[in-house]
Each structure stands twice: as C-alpha cells, then as structure tokens.
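# Descriptive structure summary
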Amino acid sequence: MGLLDFFKHSPTLLDVKKDWAYEHYPRLSKSGMKSYEESFKYLSELYDTPINKIKYKDWQHMIHVLHDKWLHYASQKKLKNTIGQICKFAIKNEIATTNYAPMLELDKRFPVNPREPFSEEEILKLWKKVNKIQHVDKILMLIYSGVRIGEFLRINVKEDL
C-alpha cells in the first residue's frame with residue numbers, strides 16, 4: 001500500500017477491534033474473551049464505519065439499541081466498557097482522538113430480581129437432602145462458593161478443573 005493509499009484508508013471499527021483483540025485477548029480467560037465477543041456483536045451496524053468517523057451519538061445509539069432489546073444496565077455497562085477499551089486502543093495507536101465511553105449514558109441500575117440469601121435453617125435442610133435429592137450438592141456449591149449460576153453452567157470439568 002502506497003503512502004497516499006494509507007491516508008485514504010481509515011481503519012474501520014472491525015479493523016481496530018481485530019487489532020485490539022490480538023493484543024488484549026492473550027491476557028484474558030476464555031470466558032473474558034467470550035464476554036467481549038458477545039458485547040462486540042451489538043456494534044455490528046458500525047463494523048464498516050471508519051473508527052475516526054464514529055461520534056458520541058453513534059455510540060450512544062448502540063446503547064439505546066440494547067435498551068430497546070430489553071438489555072439494561074449490566075449489558076449496557078459491558079458494551080460501554082468494550083467501547084472504552086477499543087477507543088483507548090485507537091487513541092494509543094493514533095487512529096482516533098476521543099474516547100467517548102465516559103460520556104455514554106446508561107439506564108438506571110436497579111435490581112431486576114431482588115434476592116434474599118438462604119437462612120442457616122434452609123441451608124441445614126439442604127445438607128440433610130444431599131444424597132436424597134438430585135443436584136442439592138450443586139446448590140450448596142453455589143451458596144458457599146459465590147460462583148454465579150451462568151459461570152457454573154459454563155464450567156467444563158475437563159478444561160477448567
């Protein structure tokens with residue numbers, strides 16, 4: 001590519017994401033990489049846009065798309081983090097000049113399913129049923145470890161343990 005061609009071509013969001021992932025992913029777990037990949041899919045309508053042409057209103061629109069899909073605070077926060085990581089990478093590599101992520105507005109955070117911890121009495125009842133009811137041992141593991149249900153379900157015994 002000649003010098004003039006270089007200045008005509010501005011890397012797209014997808015180009016920058018690929019370079020960012022190449023540098024960033026080796027430091028992450030498989031689940032961390034998967035989380036970023038899932039989040040990045042929500043930016044698909046901007047994939048072919050030169051990164052230096054993407055402005056605040058474009059990024060904010062992508063946050064609103066999540067809202068319209070009934071994906072609220074947690075998903076929006078992950079997307080905002082992904083946007084921030086990619087913008088920082090683009091700035092570091094002199095491809096873009098502004099990180100719009102800190103300016104993005106998310107839905108108000110509110111508990112979707114308010115939770116109450118198990119009482120000691122309830123936990124004792126579970127212990128008494130360990131060999132009598134299927135999966136009680138798994139419930140106890142979740143209670144004592146603090147592992148989230150989604151993380152627990154993604155455990156691959158052969159790879160992760």
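Overview of the structure.

Calculation notes
- Every chain's residues receive numbers from 1 upward, in the order its sequence appears when written.
- Given that this is a predicted model, residues contribute local features only at a pLDDT of at least 70 and side-chain atom pairs are listed and counted only at 80 or more, while totals for whole chains, interfaces and linings are drawn from all residues.
- Note that the side-chain values use all heavy atoms of the structure and ignore hydrogens as well as water.
- Helix numbering and strand numbering both begin at the N terminus, where a helix is a DSSP run of H or I of at least 4 residues and a strand a DSSP run of E of at least 2.
- Under the scheme applied here, a residue whose accessible area is under 20% of the maximum for its type counts as buried, over 50% as exposed, and between as partly exposed, the area being computed with a 1.4 Å probe on protein chains only.
- Polar contacts, as counted here, are pairs of nitrogen or oxygen atoms within 3.5 Å of one another; within protein the pair requires one atom able to donate a hydrogen and one able to accept it, and residues that are adjacent in sequence qualify only if both atoms are side-chain atoms.
- Any two residues having at least one pair of non-hydrogen atoms within 4.5 Å are treated as being in contact.

This next bit is on the side chain of Asp58. In this fold, Asp58 is placed in helix H4 (residues 56–68). Overall, the relative accessible area of 18% leaves Asp58 in the buried class. Here the side chain of Asp58 touches Lys57 through a polar contact of 3.3 Å, side chain to side chain. Once residues within four sequence positions are removed from consideration, Asp58 is found in contact with Leu46 and Lys53.

This brings us to the environment of Ser29. Note that Ser29 resides in the loop between helix H2 (13–24) and helix H3 (30–41). Sequence separation of Ser29 and Ile63 is 34 residues, and the distance between their C-alpha atoms is 25 Å. At 3.1 Å, the side chain of Ser29 and the side chain of Ser31 are in polar contact.

Attention shifts here to unusual backbone geometry. Positive phi, close to 55°, is recorded for Glu94, a residue that is not glycine. Take Glu94: it is sitting in the loop between helix H5 (73–92) and helix H6 (120–128). A residue is classified by how much of its surface remains accessible, and Glu94, at 74% relative accessible area, is exposed. A positive phi angle, near 75°, is found at His135, a position not held by glycine. Among the structural elements, His135 can be located in the loop between H6 and helix H7 (136–145). Taking relative accessible area as the criterion, His135 reaches 38% and is therefore assigned partly exposed.

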